[in-house]
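Chain by chain, the residues run as shown.
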Amino acid sequence: MADGSTFVAGSNSFAPLTRTRPGSVQRFLRRRSTTAVLLAMPLMLLIGTLVIYPAIYSLYLAMLNKRMTAFVGLGNFAFLLKRNTFQLVIFQSCLFAVTSVILKALLGFILAHLMHNIPGKSQRIWRGLLLIPWVIPLALSTLSWWWLFDPAYSGFNWLLNKFGFASIPFLGVGWNARIAVITVNVWFGTPFFMIMYLAALKSVPEQLYEAASIDGAGAWQKLFFVTLPMMRNIISITVLFSLIVTFADFDIVRILTAGGPQDMTHLFATYAFAVGIQSGDVPLGAAVSLFMFPILAVAAYFVLRGVTRRNQEMAA
Amino acid sequence: MSGASLAAGGIPRRATASLHRQRVWALWGSYAALAVFVVIFLVPPFYMIVTSLKSSAEISAQQGNPWYPHSPTLENFIYLLTYNNFLRYFWNSVWVTALTVLVSMTISIMAAFSLTRMGFWGSQTIATGVFLSYLIPASLLFIPLFQIVGWLGLINNTWSLVLLFPTLAVPFCTWIMIGYFSSIPKELDEAALIDGASYPQILIRIFIPVALPGIIAATIFAFTISWGAFLYPLAYLYTGDQLTLTVGIISDLIRGDVFLWGKIMAACVLGALPPVIVYAFLMDYYIAGLTSGATKG
């Protein structure tokens, strides 16, 4: 009875609705989508004018001569590739990014496991302490590293002398400076890996470990057959993301060595700054920056794929 | 028979005892290893604070153990807090950051709401584009932006940062907000729509209060980005009255070959303090926002 009456009422109102629907629905849609576009407009304007436009403009810029009066095509790129300094920059950027990311990922993984072992209450304090390197603005903490690396009288060399070793010119010799720059980056970036991995570790269901124990799996087997497969996606997203950020790093090298000694620590970003802003060759600087683009694009593609896949997994 | 059952009963007990002992060892081992890591990781901030408490005379004497201040003094801090240039840099950082946070959050909350709930032709593409633009680093764009800032007449003007910092903060803030807004059940806004609420009303009355943790996380991100930014201010600003804190410390307190390390480190302590305080209170929100993708699924 009740069902029948609602059904009748529904079918009654259905007929007039179909007739009025086009106009009102269209109007509704129009209003709704107008509001939607208006709300998203500031974002599109900002990204369009200050991210996408400069990116395209830098392509054009990189094809001009130094005075920006003539079009030279790919001349700047060819010029750079032939230059010894720039070949060093490519090598150093890859060395810096790959070594730092591997070390950060390893240390972050170890720290996340250690953190996961201790009870939740004290985790908060330990996590807070370990996050400090990541919280202090990088430019400021790099200054304190610089002071620690000071050749004459400073923390590290004083300790070395105390234990009977000779002072090390940390920033004065090429490979020392490279290692120093990587150290600072690892110090700064490890906490980020730690919190990402810790969150991923917490999301692995405890039953999987119990099931693995019952099947007789040892600690290493649990790590390789339960933990790592469950965290695979987060690990790859974090590593690729960090690869992009590390590759494009500027602050550490700029403050610590400014590219020296003998250009042996320059990265793409710092070299672009030295060429484009300091020496005033804007097109050449733009060309230097653009060399980062292919590597970043590949990494970005895989990050996006990982994130989409993860979202699909989460939705499923 | 009875002996066998006794033995059978004994083995599990010994096994649990050793398991317990193993756990205790793992726990203390973890604490010990973490303590080592904490000590190593806190060396630079510790040295920063130690140096900031030393007098210039003590630093230039270059004698004795540099790892603690022999005669602690606040003279560096007093110097900075009465040094007009430093106060100027600090104030510039404060207002630039405040405006950046305000602008970035307004833009990203509106956009995230539009992209998750209202949807229009191409909104999915825009959401992807926002994420991709987060992956474009500042060091790829600072040279073309140098030209653009020049056209706008904003070279050596702190306002250029208010224009540029949102480009660094907005993509990720929008991404965080999209995540939080998507987790709000659809029934909530449907109910509000039936009650006659308009979309802007839904945003302000329902979404913003419900997604407050996400808003806090995104705000902290925008704050961190803006407070610590180094490349843009270094590239576009050069006179003392326009500089922000990070660049001001380096260009003002390093005078040629003279490094006023005590004052530099004191300035770093003061500059690091706001983010440290923010994180001390709101760290959990930020980590939740950052790792929300990692914890689900």
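Per chain, residues are indexed from 1 in the order of the written sequence. To read the labels, note that chains go from A and ligands from 1, taken in the order they are written. Two thresholds apply to this predicted model, a pLDDT of at least 70 for residue-level local features and 80 or more for giving and counting side-chain atom pairs, whereas whole-chain, interface and lining totals are computed over all residues. Derived side-chain values reflect all non-hydrogen atoms in the structure, with water molecules and hydrogen atoms excluded from consideration.

Student: Would you explain the overall build of chain B in this entry?
Tutor: In terms of regular secondary structure, chain B is built from 14 helices and 2 strands. Radius of gyration here uses only the C-alpha atoms, and the compact-globule reference equals 2.2 Å multiplied by the residue count raised to the power 0.38. Taking 297 residues into account, the globule formula puts the C-alpha radius of gyration at 19 Å, and chain B, at 27 Å, lies well above it. Here the term buried applies to any residue with accessible area under 20% of the maximum for its type, exposed to any over 50%, and partly exposed to those in between, with areas from a 1.4 Å probe on protein chains only. Within the span of chain B, comprising 297 residues, buried residues form 51% of the whole. For this analysis, residues touch if any pair of their heavy atoms sits within 4.5 Å. Here the contacts in chain B between residues at least 6 apart in sequence split such that 73% fall between residues at least 24 apart. If you sum the accessible surface of chain B, you get close to 13,400 Å²; carbon and sulfur atoms cover 70% of it. Looking at charge distribution, chain B has the averaged site of its 12 positive side-chain charges lying 16 Å from that of its 10 negative ones. Secondary structure is summarised from DSSP: a helix means a run of H or I of at least four residues, a strand means a run of E of at least two, and numbering begins at the N terminus for each. Surface accessibility in these figures is a Shrake-Rupley result with a 1.4 Å probe; residues are shielded only by whichever protein chains are displayed. His is not counted, nor are the chain ends; Lys and Arg add positive charge and Asp and Glu add negative charge. By convention, charge coordinates are those of NZ in Lys, CZ in Arg, CG in Asp, or CD in Glu.

Student: Would you explain the overall build of chain A in this entry?
Tutor: Looking only at helices and strands, chain A features 13 helices and 0 strands. Put simply, chain A has 316 residues, and 49% of those count as buried. A separation threshold of at least 6 residues defines the contact pool for chain A, and within that pool the share at least 24 residues apart is 70%. A total of about 15,400 Å² of accessible surface is found on chain A, and carbon and sulfur atoms cover 68% of it.

Student: Even after reading the chapter, I still don't get the interface of chain B and chain A, so can you show me in this structure?
Tutor: Counting from both sides, the interface comprises 97 residues of chain B and, opposite them, 96 residues of chain A. A pairing counts as a salt bridge when a side-chain nitrogen of Lys or Arg comes within 4 Å of a carboxyl oxygen of Asp or Glu. Scanning the region where chain B abuts chain A turns up 2 salt bridges. The partner of A:Arg124 in a salt bridge is B:Asp284, with the nearest N and O atoms 2.9 Å apart. Top element by residues in the side of chain B that touches chain A is helix H14 (residues 261-295) of chain B. It accounts for 19 residues. Residues are grouped as follows: Ala, Val, Leu, Ile, Met, Phe, Trp, Tyr, Cys and Pro are nonpolar; Asp, Glu, Lys and Arg are charged; all remaining types, including Gly, are polar. Class assignment for the residues of the side of chain B that touches chain A results in 73 nonpolar, 21 polar and 3 charged.

Student: Explanation requested: unusual backbone geometry in the structure shown.
Tutor: A negative phi angle is the norm for most residues apart from glycine, just as the trans form is the norm for most peptide bonds. Residues and elements named next belong to chain A. Notably, Gln262 is not glycine yet its phi reads approximately 50°, a positive angle. Residue placement: Gln262 occurs in the loop between helix H10 (251-256) and helix H11 (268-278). A positive phi angle, near 60°, is found at Asp263, a position not held by glycine. Here Asp263 is to be found in the loop between H10 and H11.

Student: Would you mind going over the side chain of A:Asp150 with me for this structure?
Tutor: Examined against the element boundaries, A:Asp150 turns out to sit in the loop between helix H5 (138-148) and helix H6 (155-162). We note that A:Asp150 is buried and unpaired, the nearest opposite charge coming from B:Lys54 at a distance of 11 Å.

Student: Teacher, can you tell me more about the nonpolar core here?
Tutor: Generally speaking, soluble globular proteins have nonpolar side chains that are buried together. Definition of nonpolar core: a set of buried residues of the types Ala, Val, Leu, Ile, Met, Phe, Trp, Tyr and Cys, connected through side-chain atoms within 4.5 Å. Counting residues in each nonpolar core, the largest one holds 200 residues, and the members touching the most others are B:Phe142, B:Phe181 and B:Tyr232. Ignoring anything within four residues of it in the chain, the contact list for B:Tyr232 reads B:Ala138, B:Leu141, B:Phe142, B:Leu145, B:Leu161, B:Leu164, B:Phe165, B:Leu168 and B:Leu237.

Student: Would you mind showing me how to read the pattern of salt bridges here?
Tutor: Pairing between side chains becomes possible if they bear opposite charge and their charged atoms approach one another. In total, this model carries 3 salt bridges over all chains according to the counting rule given. Among the salt bridges present, the one from A:Arg127 reaches B:Asp284, with a minimum N-O distance of 2.7 Å. Placement of A:Arg127 in helix H4 (residues 120-135) and of B:Asp284 in helix H14 is noted, with the two residues assigned to different chains. Since its relative accessible area comes to 11%, A:Arg127 is described here as buried.

Student: I would appreciate a short explanation of the confidence of the model for chain A in the present structure.
Tutor: Interpretation of this model should avoid reading the predicted coordinates in detail wherever pLDDT is low. Per-residue pLDDT for chain A has a mean of 84; in total, 89% of the residues score no lower than 70. A residue's pLDDT is simply how confident the predictor is in it, with values from 0 to 100. When the criterion is pLDDT under 50, residues 1-20 of chain A qualifies, and its contacts beyond four places in sequence or with other chains add up to 0 contacts.

Student: Explanation requested: the packing of aromatic side chains in the structure shown.
Tutor: Geometrically, a pair of aromatic rings is defined through the distance of the ring centres and the angle of the planes. When the centres of two rings from Phe, Tyr and Trp lie within 6.5 Å, Trp using its six-membered ring, the rings pair. Their planes under 30 degrees apart give stacked, over 60 give edge-to-face, and anything left gives tilted. Counting across every chain of the model gives 54 aromatic pairs over all chains. Arranged with centres 4.8 Å apart and planes meeting at 20°, the rings of A:Trp147 and B:Trp261 form a pair that is stacked. Of this pair, A:Trp147 sits in helix H5 while B:Trp261 sits in helix H14, each in a different chain. With a centroid separation of 6.0 Å and an interplanar angle of 25°, the aromatic rings of B:Phe146 and B:Tyr236 are classed as stacked. Taken together, the residues B:Phe146 in helix H7 (residues 138-151) and B:Tyr236 in helix H12 (residues 231-236) connect sequence positions 90 residues apart. Overall, the relative accessible area of 0% leaves B:Tyr236 in the buried class. Every member of this aromatic cluster is reached through a ring pair, and the members are A:Phe109, A:Trp134, A:Phe192, A:Phe193, A:Tyr197, A:Phe241, B:Tyr134, B:Phe172, B:Phe221, B:Tyr279 and B:Tyr286. Whether a charge sits over a ring comes down to the Lys NZ or Arg CZ being within 6 Å of the ring centre and within 35 degrees of the ring normal. Looking at A:Arg178, its charged tip hangs above the ring of A:Trp175, at a distance of 4.6 Å from the centre. Geometry around B:Tyr79 places B:Lys263 over its ring, the cationic atom sitting 4.8 Å from the centre.

Student: Mind showing me how you'd approach the domain arrangement of chain B here?
Tutor: Often, the extent of an interface is quoted as the loss of accessible area upon association of its parts. Per the domain assignment, the segments making up chain B are domain 1 (1-41) and domain 2 (84-295). Domain start and end points were adopted from an automatic or database domain assignment. Summarising the inter-unit geometry, the C-alpha centres of domain 1 of chain B and domain 2 of chain B are found 47 Å apart.

Student: So what exactly am I meant to see when it comes to the confidence of the model for chain B here?
Tutor: Mean pLDDT for chain B: 86, with 92% of residues reaching 70 or above. pLDDT under 50 marks residues 1-11 of chain B. Its contacts with residues more than four places away, or in other chains, come to 0 contacts.

Student: When you look at the environment of B:Thr224 in this model, what are you seeing that I'm missing?
Tutor: Residue and element names in this part refer to chain B. With respect to the helices, strands and loops of the structure, Thr224 is situated in helix H11 (residues 212-228). A relative accessible area of 21% places Thr224 in the partly exposed class. Through-space distance from the C-alpha of Thr224 to that of Val101 is 9.5 Å; in sequence the pair is 123 residues apart.

Student: Which parts of the structure should I look at to understand the packing of H4(A) against helix H7 (residues 174-202) of chain A?
Tutor: When two helices pack together, their arrangement is given by the angle between the helix axes and by the axis-to-axis distance. For helices, the axis comes from a line fit to the C-alpha atoms of the stretch in contact; other axes are also lines fit to C-alpha atoms, and the angle between any two N-to-C directions lies between 0 and 180 degrees. One way to put it is that H4(A) packs onto H7(A) with a least axis distance of 6 Å and a crossing angle of 145°. Between H4(A) and H7(A), the contacting residues are A:Gln123, A:Arg127, A:Leu130, A:Leu131, A:Pro133 and A:Trp134 on the first element and A:Trp187, A:Phe188, A:Pro191, A:Phe192, A:Met194, A:Ile195, A:Leu198 and A:Lys202 on the second.

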